[in-house]
Amino acid sequence: MMVLLPTKWLSKGSKTMLQQFGFTQYESQVYQALITVDQPLDATGIVKGSGVPRSKVYEVLHRLSEKGMILETTVEKKRLYTALPIESIIEKLKADFETNVQKLRSTQKKEAPKDDRVWTLRDNHSIQALLKDLLLQSSQSIFISGWADDLAAFLPILEQKYAEGITVNIHVIGEFPTAIPTVSTLIPDVQHASLERSRILIVDEQELLFAGIEESKWQAIRTGSRPLLKFFTEFFYHDVALTEITQRYRDTVMKDQAIRDVLLNLRY
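My aim in this report is to walk through the structure given alongside it, one point at a time. Small disclaimer: the values here were computed from a predicted structure and weren't measured.

The subject of this paragraph is the overall build of the chain. The helix and strand inventory of the chain stands at 11 helices and nine strands. Scored against the burial criterion, the 268 residues of the chain give a buried share of 38%. Look at the contacts in the chain between residues 6 or more apart in sequence, and 57% of them connect residues 24 or more apart. Looking at the chain as shown, the accessible area adds up to about 16600 Å², and 54% of this sits on carbon and sulfur atoms.

In structure tokens form, the structure reads like this:
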């Protein structure tokens, strides 16, 4: 004899409650039919107690079994089913929720797709704002090149990043007082009449911002393109190397007119 259990949790509104946890209406009906009796049921009894069509009941039972919502056994060639107790279901749902939360957190930590497109940007204030944002996002390394008066606005960020253990390499034109040791400083020669202003920023070996002046206006490109990142990283070291060589052997190279002319024609 089937005896109904006195539970409000799975009374008239229970199907909606179960569906809030990701169950279908038929799954809710079958579970309710099983939890509200004090004995196992076979498929025929479940059909009668749940109202789920016989053509669907085995499919629903299979899904509930896969979800760990019911127990199964075979007695005298008859398949019997019973519900996992309500308290056990509550613990299961809590554990499932925590697992899903951890999956969500893991998903948020995944890297964004690489963007190797070359984006252009105009307006000096916009370029400076983007440069600042990229600096703040850096977590591993910074390569930055520019004029001292131009980079001065970013010095507090650079020093903070260095204090956090991030690798910071600076190539600067003009005096640039800072506690960061990895600074290559070029003091312009009076004959650098055609010296052009520019900015290079490479962040975490993933993002590049290069800006220069064309027709008296600042223009920039931003990209994650690997070939361009490699080129501008080497370009940065090229500037550092030439600065160190000319500073160390200044008297020698400046006395050689041919070498001097070549150096004065370089970007800086």
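Picking up after the structure, the text goes on.
Another aspect to go through is the pattern of salt bridges. Tallied over the entire structure, the rule returns 11 salt bridges. In this structure, Glu27 engages Lys67 in a salt bridge whose closest nitrogen and oxygen atoms are separated by 3.0 Å. Here Lys67 lies in the loop between helix 4 (54-66) and strand 1 (70-75) and Glu27 lies in helix 2 (residues 25-35), a separation of 40 residues in the sequence. Overall, the relative accessible area of 1% leaves Glu27 in the buried class.

Let us now look at the packing of helix 2 against helix 3 (residues 43-50). Their axes nearest at 9 Å, the elements helix 2 and helix 3 cross at an angle of 105°. Put simply, helix 2 runs roughly perpendicular to helix 3. Across from Gln29, Val30, Ala33 and Leu34 in helix 2, the residues of helix 3 making contact are Ile46, Gly49 and Ser50. When grouped by side-chain class, the residues that make up the contact of helix 2 with helix 3 number four nonpolar, three polar and no charged.

So, about the side chain of Gln29. Inspection of the secondary structure assignment puts Gln29 in helix 2. Of note is the side chain of Gln29, whose polar atom sits 2.8 Å from the backbone oxygen of Ser50.

What follows concerns the sheet that holds strand 5 (residues 167-173). Each strand in a sheet pairs with another by means of backbone hydrogen bonds, the pair being arranged parallel or else antiparallel. Within the open sheet, the seven strands sit side by side as 3-9-8-7-4-5-6. Their pairing is mixed. The sheet is open, and its two borders are formed by strand 3 (118-122) and strand 6 (183-186), each paired with just one other strand. Adjacent strand axes in the sheet meet at a mean angle of 10°, parallel and antiparallel pairs treated alike. Packing of helix 6 (residues 124-137) onto the sheet brings it into contact with strand 3, strand 4 (141-147), strand 7 (198-203), strand 8 (207-214) and strand 9 (217-223), and relative to strand 7 it is tilted by some 25°. Along the sheet, helix 8 (residues 155-163) makes contact with strand 4 and strand 5, crossing strand 5 at roughly 150°.

Moving on, we get to helix 6. Between its first and last C-alpha, helix 6 extends 20 Å over 14 residues, near the 20 Å set by a 1.5 Å rise per residue. Burial in helix 6 covers these residues: Ile127, Leu130, Leu131, Leu134 and Leu135. Each buried residue of helix 6 sits inside an arc of 140° when the element is viewed along its axis, so together they form one side. Contacts made by the buried residues of helix 6 are with strand 3, strand 4, helix 8, strand 7, strand 8 and strand 9. You can read the cap of helix 6 off the contacts: a side-chain oxygen lies 3.2 Å from the backbone nitrogen of His125, and it is on Asp123.

Each aromatic ring pair is described using two quantities: the centre-to-centre distance and the angle formed by the ring planes. A full pass over the atoms with the stated rule returns seven aromatic pairs. A ring pair is formed by Phe236 and Tyr237, whose centres lie 5.9 Å apart and whose planes are at 85°; its orientation type is edge-to-face. With relative accessibility at 2%, the residue Phe236 sits in the buried group. Joined through ring pairs, the aromatic side chains of Phe210, Phe231, Phe232 and Phe235 make up one cluster. The ring of Trp147 has Arg197 sitting right over it, with the charged end atom 4.5 Å from the ring centre. Above the ring of Trp218, the side-chain terminus of Arg199 is found at 3.7 Å from the ring centroid.

With that settled, the discussion passes to the packing of helix 2 against helix 4. At their nearest, the axes of helix 2 and helix 4 sit 10 Å apart, and the two run at 85° to each other. Considering their axes alone, helix 2 and helix 4 lie roughly perpendicular with respect to each other. Within the contact between the two elements, helix 2 uses Tyr26, Glu27, Val30 and Tyr31 and helix 4 uses Lys56, Val60, Leu61, Arg63 and Leu64.

This next bit is on the nonpolar core. Leu135, Ile142, Ile144, Leu158, Ile170, Leu201 and Leu209 are the most contacted members of the largest nonpolar core, which totals 25 residues. Looking at this core, the elements with two or more residues in it are helix 6, strand 4, helix 7 (148-151), helix 8, strand 5, strand 7, strand 8 and strand 9. Top contributing element to this core by residue count: helix 6, with five residues.

Parameters at a glance
- Residues numbered from 1 in each chain as written.
- Predicted model: local features only at pLDDT ≥ 70, side-chain atom pairs only at ≥ 80, totals over all residues.
- Heavy atoms only, no water.
- Helix = DSSP H or I, 4+ residues; strand = E, 2+ residues; numbered from the N terminus.
- Buried < 20%, exposed > 50% of the residue type's maximum accessible area, 1.4 Å probe, protein only.
- Contact = heavy atoms within 4.5 Å.
- Areas by Shrake-Rupley, 256 points an atom, 1.4 Å probe, with all protein chains shown as cover.
- Salt bridge = Lys/Arg side-chain N within 4 Å of Asp/Glu carboxyl O.
- Axes fitted to C-alpha atoms, helices over the stretch in contact; angles between N-to-C directions.
- Parallel < 35°, antiparallel > 145°, perpendicular 65-115°, else oblique.
- Nonpolar A, V, L, I, M, F, W, Y, C, P; charged D, E, K, R; others polar.
- Polar contact = N/O pair within 3.5 Å; in protein donor to acceptor, adjacent residues only side chain to side chain.
- Pairing = 2+ DSSP bridges.
- Expected span 1.5 Å × (residues − 1).
- Arc of directions from axis to C-beta.
- Phe/Tyr/Trp six-rings, centres within 6.5 Å; stacked < 30°, edge-to-face > 60°.
- Lys NZ or Arg CZ within 6 Å of the ring centre and 35° of its normal.
- Core = buried A, V, L, I, M, F, W, Y, C linked by side-chain atoms within 4.5 Å.

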